[in-house]
Amino acid sequence: MSRAKLSAVPLLALMIALAGCSSLFSSEDKDAKASPNKIYADARDEMSSGAYDKAVPLFEKLEGRAAGTPLAQQAQLEKAYAQYKTGEQAAALATLDRFMKQHPVSPAVDYALYLKGIVNFNDNLGPLAFIARQDLSERDQKAAKESFESFKELVTRFPDSKYTPDARARMRYIVNSLAAYETHVARYYYNRGAYVAAINRAQSAVTDYEQVPASEEALFILMRSYEQLGMTQLAGDTRRVLEKSYPKSDYLTKGSKSSQNPWWKFW
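From a predicted model like this one, the values you see are computed outputs, not experimental measurements.

### Observations regarding the packing of helix H9 (residues 164–191) against helix H11 (residues 215–228)
In contact at an axis separation of 10 Å, H9 and H11 are set at 25° when each is read in the N-to-C sense. Comparing their axes, H11 and H9 come out roughly parallel. The element H9 and its partner H11 pack so that their crossing is left-handed. Across the interface between the two elements, Thr 183, Ala 186, Arg 187 and Tyr 190 of H9 pack against Glu 217, Ala 218, Ile 221, Arg 224, Ser 225 and Gln 228 of H11. Residue classes in the contact of H9 with H11 are distributed as four nonpolar, three polar and three charged.

### Description of the pattern of salt bridges
One pass over the structure, following the stated rule, counts 12 salt bridges. Taking the shortest distance from any N to any O, the salt bridge between Asp 166 and Arg 170 comes out at 2.6 Å. In this pair, Asp 166 and Arg 170 both sit in helix H9, four residues apart, roughly one turn of the helix. Overall, Asp 166 belongs to the partly exposed group, its relative accessible area being 29%. Two residues, Glu 227 and Arg 224, come together in a salt bridge whose shortest N-O distance is 2.4 Å. Note that Glu 227 and Arg 224 are positioned in helix H11 at a spacing of three residues, about one turn of the helix. By relative accessible area, which is 36% here, Glu 227 ends up partly exposed.

### What about the packing of aromatic side chains?
Geometry of an aromatic ring pair is reported as the spacing of the ring centres plus the angle between the planes. By the definition in use, this model includes 11 aromatic pairs. Their ring planes at 55° and their centres at 5.5 Å tell us that Tyr 111 and Tyr 163 sit as a pair that is tilted. Placement of Tyr 111 in helix H6 (residues 109–120) and of Tyr 163 in the loop between helix H8 (142–157) and H9 is noted, with a sequence separation of 52 residues between them. Measuring from ring centre to ring centre gives 5.7 Å for Tyr 188 and Tyr 189, while their planes differ by 70°; the resulting arrangement is edge-to-face. Judged by its relative accessible area of 28%, Tyr 189 is partly exposed.

Cut-offs applied
- Sequence order sets the numbering: in each chain, residues are counted from 1 along the sequence as written.
- Under the rules for a predicted model, residues below a pLDDT of 70 receive no local features and side-chain atom pairs below 80 are neither given nor counted, while totals for whole chains, interfaces and linings still include all residues.
- In computing side-chain properties, one takes all heavy atoms of the structure into account and sets aside hydrogens as well as water.
- Every angle, taken between N-to-C directions, lies between 0 and 180 degrees, and every axis is a line fitted to C-alpha atoms, over only the stretch in contact when it is a helix.
- Think of it this way: any DSSP run of H or I at least four residues long counts as a helix, any run of E at least two long counts as a strand, and we number them from the N terminus.
- For classification, angles of less than 35 degrees are called roughly parallel, those exceeding 145 degrees roughly antiparallel, those between 65 and 115 degrees roughly perpendicular, and all remaining angles oblique.
- Here a crossing is taken to be left-handed if its near helix is turned anticlockwise relative to the far helix by less than a right angle, and right-handed if that turn runs clockwise.
- The criterion used for residue contact is that any of the two residues' heavy atoms lie within 4.5 Å.
- Put simply, Ala, Val, Leu, Ile, Met, Phe, Trp, Tyr, Cys and Pro go in the nonpolar bin, Asp, Glu, Lys and Arg in the charged bin, and everything else, Gly too, in the polar bin.
- What counts as a salt bridge is simple: a side-chain nitrogen of Lys or Arg found within 4 Å of a carboxyl oxygen of Asp or Glu.
- Think of it in three bands: residues with accessible area under 20% of the maximum for their type are buried, residues over 50% are exposed, and the middle band is partly exposed, with areas taken using a 1.4 Å probe on protein chains only.
- Pairing of aromatic rings covers Phe, Tyr and Trp, the last counted by its six-membered ring, and requires centre-to-centre distances within 6.5 Å; plane angles under 30 degrees mean stacked, over 60 mean edge-to-face, and any other angle means tilted.

Structure follows, in structure tokens:
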């Protein structure tokens, strides 16, 4: 009698477990019966409605279901885009790197490079950035440099790609941003009296990046830093370069560049 009671407990548990598994299997069977095209359509519907987080697992399922087909490659690329849209930057980059490693001769490699550049193109500065007038030059430049390298590979390997013109425009923006970043740091050091450090960063902006808007201020910071250190000859040489390159520079007449204050700054 006691043995029957002891055996009845695990039997009941097993029955409950099997009942749960039955419902799970029926759900999985329902998904298993869906064709790759149906899964892709469902994933696209989620994307269209902005539910990128729901689209990601569907694309992952499609990668396995349609393995070895162009549809699986498409799923991999669209999964990367969905990951990017959900803010999963690292996951998106990993997906794109894996795609290019697995499919080096795919006709979509140009798009993969372009999307990789876009993911690293960190121009989303947050909802309050426009108030603070913060721009890419004031942020960490690691992602910008990686973005530039992706775009550079795209325009070099695929000059006729439809993504190349936009990639070139973004490269120009990144170069201007990198130079502006060096100038931003130079200005930071100058304002704190670290003139040697300011000189180093301003020189980097001037010599590493040619014909960029930030060069004007970089030259001015360089000149003023030399003056503060009593290096009159170098200060004079830099001033002549500034006068020749920017004869109408506000830095020469006002000591700063005219700019409109943010709308909220009324004092």
